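# Structural description and commentary
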Amino acid sequence: MLAKINNFEIDLSKPIDISIPLTNTDENPIAWYIEKPSIEPVVFGDWIGKVSEGKSSTNFNNIFFNPHGHGTHTECLGHITNDFYSINQSLKQFFFFAKLITVEPEKIEEDFVITKEQITGLITEKTEALIIRTLPNQLDKKTRKYSNTNPPYLSEEAAIFIRESEIQHLLIDLPSVDKEHDEGKLLAHKAFWNVKNTHNVNPDARFNATITEMIYVSDKIEDGDYILNLQIASFENDASPSKPILYKI
């Protein structure tokens, strides 16, 4: 099925999924010091909500997970503010022009950092969404246990540059745009959303901008321009599990 967006043609029958699925196995990626997700049938006495157990006509599972620590998720500025803001209210459009770039974070002392200088030359045209694939791009990003590993992160200057480039949606294959142990500074989050005071949010903060973390972009997917379909579940929460889909233009 072909579709046209602003005279650009995309083939809707050829989606490129860059999300990581959520499972209740040890293969699920984990960040932020939590355990793996739980997906278990409801139990009422001797009744079990699982067809294979022979006592139910349906599979009827409870799911316990954390969107920030258990896989691909999209968050709004409510992630860092005193007042409540919902991703379900912040994200109202779902198709965007997007650019995919690949960056090898620079070693700075004990950290690996995506710097402004690295991305400046890769963003030469205006786009609505930016997707950052980091090197090395091992397949184990889909199953990695990130807690206490000091993963790479985005510098504050790089986040400011992305904001000033008028990019509304940032997607990255890391558990956070910020350093794992940063004493709660959250410099990249604040810079991207233009949040100057988390307890009294400034009117020019970017309430409709989003950050999507823990994606996985296969090496088979070339850098360049795409149409992004950013899908979320309708959670009234600062973040939701999400399913970003790319389409070749």
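In the block above lies the structure referred to throughout.
These notes cover the structure that comes with them. (Residues numbered from 1 in each chain as written. Predicted model: local features only at pLDDT ≥ 70, side-chain atom pairs only at ≥ 80, totals over all residues. Heavy atoms only, no water.)

## Points about the overall build of the chain
- Regarding its fold elements, the chain presents 4 helices and 17 strands.
- Taken over C-alpha atoms, the radius of gyration comes to 19 Å for the chain, in line with the 18 Å a tight globule of 249 residues would show.
- Over its C-alpha atoms, taken along the principal directions, the chain stretches across nearly 60 × 50 × 40 Å.
- Each of the 249 residues in the chain was classed as buried or not, and the buried ones make up 45%.
- Across the chain, contacts joining residues at least 24 apart in sequence account for 71% of those joining residues at least 6 apart.
- Total accessible area computed for the chain in this model is approximately 13,000 Å², and 51% of it derives from carbon and sulfur atoms.
- Both charge centroids of the chain, one from 24 positive and one from 37 negative side chains, sit 4 Å from each other. (Helix = DSSP H or I, 4+ residues; strand = E, 2+ residues; numbered from the N terminus. Rg over C-alpha atoms; globule rule 2.2 N^0.38 Å. Buried < 20%, exposed > 50% of the residue type's maximum accessible area, 1.4 Å probe, protein only. Contact = heavy atoms within 4.5 Å. Areas by Shrake-Rupley, 256 points an atom, 1.4 Å probe, with all protein chains shown as cover. Lys, Arg positive; Asp, Glu negative; His and termini not counted. Charge placed at Lys NZ, Arg CZ, Asp CG, Glu CD.)

## Some points on the side chain of Ser 176
- Structurally, the position occupied by Ser 176 is in the loop between strand E14 (169-172) and helix H4 (187-193).
- Side-chain polar atoms of Ser 176 contact the backbone nitrogen of Asp 178, separated by 3.0 Å.
- In this view, Ser 176 contacts Trp 32, Pro 152, Tyr 153, His 189 and Glu 213; residues no more than four positions away in its chain are not counted. (Polar contact = N/O pair within 3.5 Å; in protein donor to acceptor, adjacent residues only side chain to side chain.)

## Considering empty space enclosed by the protein
- Per the counting criterion, the structure on display carries 1 cavity of 30 Å³ or more.
- Reported here for the largest cavity is a volume of approximately 60 Å³.
- Taken together, Ala 31, Trp 32, Tyr 146, Ser 147, Pro 151, Pro 152, Pro 175, Ser 176, Asp 178 and Glu 180 form the lining of the largest cavity.
- Of the residues belonging to the lining of the largest cavity, the class tally is 6 nonpolar, 2 polar and 2 charged. (1 Å grid on protein atoms, 1.4 Å probe; cavity = no way out; pocket = protein on both sides within 12 Å on 5 of 7 lines; lining within 4 Å. Points joined across faces, edges and corners; volume = space filled by probe spheres on them. Nonpolar A, V, L, I, M, F, W, Y, C, P; charged D, E, K, R; others polar.)

## Side note on the sheet that holds strand E13 (residues 153-154)
- Strand order in the open sheet made by the 3 strands is E10-E11-E13, with mixed pairing throughout. Since the sheet does not close on itself, it has two edges, and those belong to strand E10 (106-108) and E13, each with one partner.
- Relative to strand E11 (residues 111-114), E10 is paired through 3 bridges, and the arrangement is antiparallel. Counted as the bridge partner of Glu 106 is Val 113 from E11. (Pairing = 2+ DSSP bridges.)

## A few points about the pattern of salt bridges
- Going through the model one piece at a time under the given rule, you end up with 11 salt bridges.
- Between Arg 133 and Asp 223 there is a salt bridge, with its nearest N and O atoms 2.7 Å apart. Here the residue Arg 133 occupies a position in strand E12 (residues 129-134), and Asp 223 occupies one in the loop between strand E15 (210-213) and strand E16 (224-232), the gap between them amounting to 90 residues.
- For Arg 133, a relative accessible area of 5% puts it in the buried group.
- Judged by relative accessible area, which is 40%, Asp 223 ranks as partly exposed. (Salt bridge = Lys/Arg side-chain N within 4 Å of Asp/Glu carboxyl O.)

## Observations concerning a negative patch on the surface
- Residues Glu 106, Glu 117, Glu 156 and Glu 157 make up a contiguous surface patch of negative charge.
- The residue Glu 117 is located in helix H2 (residues 116-120) in this model.
- Glu 117 sits in the exposed class, given a relative accessible area of 65%. (Patch = residues over 30% accessible without salt bridge, like charges linked within 9 Å, V, L, I, M, F, W, Y side chains within 5 Å.)

## Thoughts on the nonpolar core
- Ile 119, Ile 132, Leu 154 and Ile 162 are the most contacted members of the largest nonpolar core, which has 28 residues in total.
- Sorting the residues of this core by element identifies strand E9 (95-103), E12, helix H3 (156-164), E14 and H4 as the ones contributing at least two each.
- Residue contacts for Ile 162: discarding those within four places in its chain leaves Ile 119, Leu 130, Ile 132, Leu 154, Ile 167, Leu 170 and Phe 192.
- Counting residues in hydrophobic clusters, the runner-up holds 19 residues, among them Leu 91, Ala 98, Leu 228 and Leu 230. (Core = buried A, V, L, I, M, F, W, Y, C linked by side-chain atoms within 4.5 Å.)

## With respect to the environment of Leu 186
- Take Leu 186: it is sitting in the loop between E14 and H4.
- Residues Leu 186 and Glu 156 lie 30 residues apart in sequence; the distance between their C-alpha atoms is 8.9 Å.
- Those residues within four positions of Leu 186 in sequence are excluded, and the remaining contacts are Ile 80 and Asp 178.

## What about the environment of Arg 163?
- By secondary structure assignment, the location of Arg 163 is in helix H3.
- Each C-alpha atom, one on Arg 163 and one on Asn 194, is 7.8 Å from the other, the two residues being 31 residues apart in sequence.
- Residues contacting Arg 163, with those up to four places away along its chain left out, are Ala 191, Phe 192, Asn 194 and Arg 206.
- Polar contacts involving the side chain of Arg 163 include one to the main-chain carbonyl oxygen of Ala 191, which spans 2.7 Å.

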